[in-house]
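Breakdown of the fold
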Amino acid sequence: LSLLMSANNRLEAGEVSDVLYPSLYIYGPDVDQWIEDMKTTVKYAKAHYPDKKIVGYIWPQYYDWKTSPYYMQFIPEDKFLQMLEAAYEYLDGVVLWAHGRDTDNKTKVQWEDPRVQAIYRAVRTFVRKHDLQ
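Thresholds applied
Residues numbered from 1 in each chain as written. Predicted model: local features only at pLDDT ≥ 70, side-chain atom pairs only at ≥ 80, totals over all residues. Heavy atoms only, no water. Pairing = 2+ DSSP bridges. Helix = DSSP H or I, 4+ residues; strand = E, 2+ residues; numbered from the N terminus. Right-handed = clockwise from strand over helix to strand, strands pointing away. Core = buried A, V, L, I, M, F, W, Y, C linked by side-chain atoms within 4.5 Å. Buried < 20%, exposed > 50% of the residue type's maximum accessible area, 1.4 Å probe, protein only. Contact = heavy atoms within 4.5 Å. Phe/Tyr/Trp six-rings, centres within 6.5 Å; stacked < 30°, edge-to-face > 60°. Axes fitted to C-alpha atoms, helices over the stretch in contact; angles between N-to-C directions. Left-handed = near helix turned anticlockwise from the far one by under 90°. Nonpolar A, V, L, I, M, F, W, Y, C, P; charged D, E, K, R; others polar.

**A few points about the pairing of strand S3 (residues 93-96)**
As paired strands, strand S2 (residues 53-58) and S3 are joined by four bridges and run parallel to one another. Looking at S3, one finds that Val-55 is bridged to Gly-93. Note that the unit made of S2, helix H3 (residues 77-90) and S3 has a crossover that is right-handed.

So this is what it looks like as structure tokens:
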């Protein structure tokens, strides 16, 4: 019942939304599976709302599922770039965000952190490749 209510709530929200914003967080390093999951999400959204834009939320860390061996680790630069390329192909846009906390979910990650800089390089590479400046 909870899943059905959640799905119904999503459908109702989609009816009054101009843009759909699915969360597209990744749980582990299998980007190919993430791409398949994203395509499934897009297919579902397009089936219900064929004329609405889809802008996915992407986070540069693995999902904060506490039992995961990848809990909040930063996604490697090459995998993040692969995710951006797939999002470019299947979505109308993305929202990139980060909460700024490290794998302990407490320590703040600084801009100078090499992991943050790797994500920044991936985004810069992507933006330049697609002339999105």
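Next comes the rest of the account.
**Structural notes on the nonpolar core**
In terms of nonpolar packing, the biggest core is built from 26 residues, with Ile-26, Trp-34, Met-38, Phe-80, Met-83 and Leu-91 touching the most fellow members. Elements supplying a minimum of two residues to this core: helix H2 (31-48), S2, H3 and helix H4 (114-129). For this core, the element with the most residues is H2, which contributes six residues. Contact partners of Trp-34, with chain neighbours within four places excluded, come to Leu-24, Tyr-25, Ile-26, Ile-58, Met-83 and Ala-86.

**Observations regarding the packing of aromatic side chains**
Within the structure shown, the criterion is met by ten aromatic pairs. Between Tyr-27 and Trp-65 the ring centres are 5.6 Å apart and the planes differ by 85 degrees, which places this aromatic pair in the edge-to-face class. With Tyr-27 in the loop between strand S1 (19-20) and H2 and Trp-65 in the loop between S2 and H3, the pair connects residues that are 38 residues apart, well separated along the chain. Residues Trp-59 and Trp-97 carry aromatic rings whose centres are separated by 5.5 Å and whose planes lie at 10 degrees to one another, so their mutual orientation is stacked. Linking Trp-59 in the loop between S2 and H3 with Trp-97 in the loop between S3 and H4, this pair joins segments that are 38 residues apart in sequence. These aromatic residues form a ring-pair network of at least three members: Tyr-25, Tyr-27, Trp-59, Tyr-63, Trp-65 and Trp-97.

**Some thoughts on the environment of Tyr-57**
For Tyr-57, the location among the structural elements is in strand S2. For Tyr-57, a relative accessible area of 29% puts it in the partly exposed group. Expressed as a C-alpha distance, the spacing of Tyr-57 and Ala-87, which sit 30 residues apart in the sequence, is 10.0 Å.

**Some points on the packing of H3 against H4**
Between H3 and H4, the shortest axis-to-axis distance is 9 Å and the interhelical angle comes to 35 degrees. Regarding H3 and H4, the two cross each other, and that crossing is right-handed. Residues Glu-77, Phe-80, Leu-81, Leu-84, Glu-85 and Tyr-88 of H3 form the contact with H4, whose own contacting residues are Ala-118, Ile-119, Arg-121, Ala-122, Val-123, Thr-125, Phe-126 and Lys-129. Here the contact of H3 with H4 is built from residues that sort into nine nonpolar, one polar and four charged.

**Topic: the pairing of S2**
Relative to S2, S1 runs parallel, the two being bridged by two bridges. What sits directly across from Val-19, in S2, is Lys-53. Read as a crossover between parallel neighbours, the route from S1 over H2 to S2 is right-handed.

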